[in-house]
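# Residue-level structure breakdown
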Amino acid sequence: MEKGAEGNTEKGTHVAVKGEAALRPEFITTKEKFHGFVDSEWQGSKGEKARDNGTAEEAKATCVEEPEVKKFKPDTEEGNKAGKPDSKRLRGQNKSRPHKKPTTYDEKRLCLSVIQENRECPFGDKCYFYHDIAEYMASKPADIGESCYLYDTFGKCPFGLCCRFAKAHTTPDFKTMENTDLVKAREGKIPVKNSLSKDLQYRLRKHSVAFEKSAEYLKTLSNNRDKKEQQGNGKSAQVHASTEAGTQVQTSTRRSTSSPQSTVKTVGPLTDADVIKLRPCEKKQVDFRDKLYLAPLTTCGNLPFRRVCKRLGVDITCGEMAMCTNLLQGQQSEWALLKRHESEDLFGVQVEGCFPDTMTRCAELINNNTEVDFVDINSGCPIDLVYKKGGGCGLMTRTRKFEQIIKGMDYVLDVPLTVKIRTGVQEKSNMAHKLIPEMKNWGVSMITLHGRSREQRYTKLADWDYITTCSKLAGPIPLFGNGDILSYEDAMKAKETGVAGIMIARGALIKPWIFTEIKESRHWDISSGERLDILRDFSNFGLEHWGSDTRGVEKTRTFMLEWLSFMCRYIPVGLLERVPQKINERPPYYMGRNYLESLMASQNVGDWVRISEMLLGPVPKNFNFLPKHKANSYK
């Protein structure tokens, strides 16, 4: 084969580079030959249609070039001086990357009055949208495919004529068809839960939602603060209680633990019974042990991706990190992060905040208006936006506030409360071992420990020796370990440390079939066709979640491209000289066993766009994409 011949020319000439994965020599090639092969094959076969439309080249022109291979610092001082100009490399986030509004790709849409049929348009002649269906269909972009996933699954496509697969369910006279048998079979089923209702959104914006349990807990904090102020001024603690008639009754300085529901107000030492009262119903119990946990992943951990991972064997799923203040304000985009698919049988949501009042109210809001199995506090987020406000990793250094937040949320929740933390803030100053024994007394049901500090971010390897130490301190509370798991061998070594379970984050983005590998204790040499089928499942789930119209298609494409920025790091098992691949090893340029495998190995954004075009059709002329991160973290 042509690519095999190219690979053989490199055999014996490739010099191993520090930080690169070890591949079999016959597959290794150079950057120029790799991109030359990928481009020529695409233009010759797959890209013929895209080239005619001019979309593939336009898409590639709007994407940034891939980052240069990381240059390791020389060990000598002379080398350091000589290497200064090359020491700068792309890293961190693309904070100023282009942001496209959902309406950007729709030049002119069909009027809602026409979609809903028999409804008069309130704007009349001044309406900007199409009212003539034939005219709209003539200007609409070509259909992507011949079958509509929504119509085939549910018997009806809610996007009707706007669907990018409309020919599959549209009659010649532009009427939308229905499969009555499928519609009846799905009747009454709610595939996605935890949506924000208009009524709740209105009440949140008008501040008319009652937070009774939160008020009770926050009142105990206020009373306790007043008591400490009195003690600080040298005043003796006196006990007063007012009856309904306004009389004052002198009571004991200690609240009775046998009657936590007493209406008598006291001032004195704050006991556990004051904060954690007996509940009319017991908390829901969840068995976390020996389960595979998909980490809450910002941007990439969306509902369609979690569905893909559920198919591939994950046990516990969690929504993306949501800001508690945005949830309390009723922001639709933030509430979308709490949505749960019916296939997610053990599902939780993760919230971030830095104050006891907002976090406690947010927990009560989630408890009363959503269906979740647990709520997780993010105390591990390293980004400056969160940390500088005192949230994320900042909570680990604010133990008094952290304690108040945990106790308050545990007080108002009917489901278990879990916490995700890092080893600490500074690299050489671990503090998780000091917090874990305290958190056991605060009411936490499970702790997840990421074996890196905030300062490390994702550089260097996770400290599993430290996780082992912390897992012994956590008992009997289950502690999950997280960091650097990319194969079932990594998972087996992690379980030997004594952790109750493992959480997988980047490993699931690079190869979501890792859950299957762990459960079957094997290395899966997955083919490029099977990987494309996984991406096809994601695109179908995305069209169901975000819509099958132009807006939904391009939103699905954007999230797919974000995922492909991680997935391209995967190296097929059959190409490795040493199995398994390590998460901190950068793949060298190599030729795959077929064209698709080579295309999926590309770290060029334009090639990711080509993969998306195989599933979601050509990109629009004004399409633009930059990955969230400028470069991957390898060290």
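Figured I'd write up the structure that's included with this text.

Reading guide: rules and limits
Residues numbered from 1 in each chain as written. Predicted model: local features only at pLDDT ≥ 70, side-chain atom pairs only at ≥ 80, totals over all residues. Heavy atoms only, no water. Axes fitted to C-alpha atoms, helices over the stretch in contact; angles between N-to-C directions. Helix = DSSP H or I, 4+ residues; strand = E, 2+ residues; numbered from the N terminus. Parallel < 35°, antiparallel > 145°, perpendicular 65-115°, else oblique. Left-handed = near helix turned anticlockwise from the far one by under 90°. Contact = heavy atoms within 4.5 Å. Nonpolar A, V, L, I, M, F, W, Y, C, P; charged D, E, K, R; others polar. Phe/Tyr/Trp six-rings, centres within 6.5 Å; stacked < 30°, edge-to-face > 60°. Lys NZ or Arg CZ within 6 Å of the ring centre and 35° of its normal. Buried < 20%, exposed > 50% of the residue type's maximum accessible area, 1.4 Å probe, protein only. Polar contact = N/O pair within 3.5 Å; in protein donor to acceptor, adjacent residues only side chain to side chain.

### Details of the packing of helix α18 (residues 399–412) against helix α19 (residues 432–442)
Direction vectors running N to C along α18 and α19 enclose 30°, while the axes themselves pass 10 Å from each other. In terms of orientation, α18 lies roughly parallel with respect to α19. The crossing of α18 and α19 is right-handed. Residue-level inspection shows T399, F402, E403, I406, K407 and D410 of α18 in contact with α19, the latter providing L435, M439 and W442. Grouping the amino acids of the contact of α18 with α19 by side-chain chemistry returns five nonpolar, one polar and three charged.

### As for the packing of aromatic side chains
Overall, the coordinates contain 13 aromatic pairs when judged by the stated rule. Pairing F34 with Y589 gives two aromatic rings, centres 5.9 Å apart and planes at 50°, and the pair type is tilted. Of the two residues, F34 is situated in helix α2 (residues 31–46) and Y589 in the loop between α25 (550–567) and α26 (595–600); the sequence distance between them amounts to 555 residues. The side chain of R398 reaches across the aromatic face of F355, ending 6.0 Å from its centre. Across from the ring centre of F623, 5.9 Å away, lies the NZ or CZ of R557, which sits over that ring.

### Some points on the environment of E520
Looking at the secondary structure, you find E520 in helix α23 (residues 514–520). In this structure E520 comes out as partly exposed when scored by relative accessible area, which is 44%. For the pair E520 and G313, spaced 207 residues apart in sequence, the C-alpha to C-alpha distance is 10.0 Å. A distance of 2.5 Å separates polar atoms of two side chains, one belonging to E520 and the other to R522.

### Structural notes on the packing of helix α16 (residues 356–369) against α18
Interhelical geometry of α16 versus α18 gives an angle of 20° and a closest axis separation of 8 Å. Put simply, α16 runs roughly parallel to α18. For the crossing formed where α16 meets α18, the hand is right-handed. In contact with P356, M359, T360, A363, E364 and N367 of α16, α18 contributes K401, Q404, I405, G408, M409 and V412. A per-class count over the contact of α16 with α18 returns six nonpolar, four polar and two charged.

Interpretation note: all reported values are geometric properties and have no functional meaning in isolation.
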